[in-house]
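One-letter residues, chain by chain:
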Amino acid sequence: MTEIERLLTDTLAALEQELRQTQERQGTILTEQQRILTTHANTLHQLQHQVARLSAQQQESAHHLQRLSAIHENLKPFLERLSGILDGRLKG
């Protein structure tokens, strides 16, 4: 083997080794990024579930508040009349 052939063979072997190492590093980075993406996707799914649950609770609370408001409106005339009766008794 001539000096040029040996030099080219060594250079090619070094480039192949460097390429293999680069591919391994990129493979490791890609695997880690996929793991992080999976974790983020799971977290996003959990947050979406919590938002849906909170939205349902908010709707339930709004309905409850509407029912209480309606009860208050229905009782308001009676409470005013009762207050007038009580005021009359206290004065008289």
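In short, a report on the structure. (Residues numbered from 1 in each chain as written. Predicted model: local features only at pLDDT ≥ 70, side-chain atom pairs only at ≥ 80, totals over all residues. Heavy atoms only, no water.)

With that settled, the discussion passes to the overall build of the protein. Helices and strands together make up the secondary structure of the protein, namely one helix and zero strands. Its C-alpha atoms put the protein at 130 × 20 × 10 Å along the principal axes. Expressed as a percentage of its 92 residues, the buried residues of the protein come to 0%. Summed over all atoms, the accessible surface of the protein reaches about 8700 Å², with 61% contributed by carbon and sulfur. For the protein, the distance from the average position of its 10 positive side-chain charges to the average position of its 11 negative side-chain charges is 24 Å. (Helix = DSSP H or I, 4+ residues; strand = E, 2+ residues; numbered from the N terminus. Buried < 20%, exposed > 50% of the residue type's maximum accessible area, 1.4 Å probe, protein only. Areas by Shrake-Rupley, 256 points an atom, 1.4 Å probe, with all protein chains shown as cover. Lys, Arg positive; Asp, Glu negative; His and termini not counted. Charge placed at Lys NZ, Arg CZ, Asp CG, Glu CD.)

Together, Leu68, Ile71, Leu75, Phe78, Leu79, Leu82 and Leu86 make up an exposed nonpolar region whose accessible area comes to about 660 Å². Along the chain, Leu86 turns up in helix α1 (residues 3–91). We classify Leu86 as partly exposed; its relative accessible area is 43%. (Patch = residues over 30% accessible without salt bridge, like charges linked within 9 Å, V, L, I, M, F, W, Y side chains within 5 Å. Salt bridge = Lys/Arg side-chain N within 4 Å of Asp/Glu carboxyl O.)

Over its 89 residues, α1 extends 123 Å from the first C-alpha to the last, a length consistent with the 132 Å expected when each residue adds 1.5 Å. Roughly 40° is the biggest bend found in α1, and it falls at Leu75, with proline Pro77 one to four residues downstream. (Expected span 1.5 Å × (residues − 1). Bend = angle between axes of the 7 residues up to and from the residue.)

Our next topic: the environment of Arg81. Turning to its location among the elements, Arg81 is positioned in helix α1. In this structure the C-alpha to C-alpha distance between Arg81 and Gln34, which are 47 residues apart in sequence, comes to 70 Å.

With that settled, consider the pattern of salt bridges. Inspection of every chain in the model, using the stated rule, returns three salt bridges. Across the pair Glu3 and Arg6 runs a salt bridge, and its minimum N-O distance is 2.3 Å. With Glu3 and Arg6 both in helix α1, this residue pair falls three residues apart, about one helical turn. Sharing partners across several salt bridges, the network here consists of Glu3, Arg6 and Asp10.

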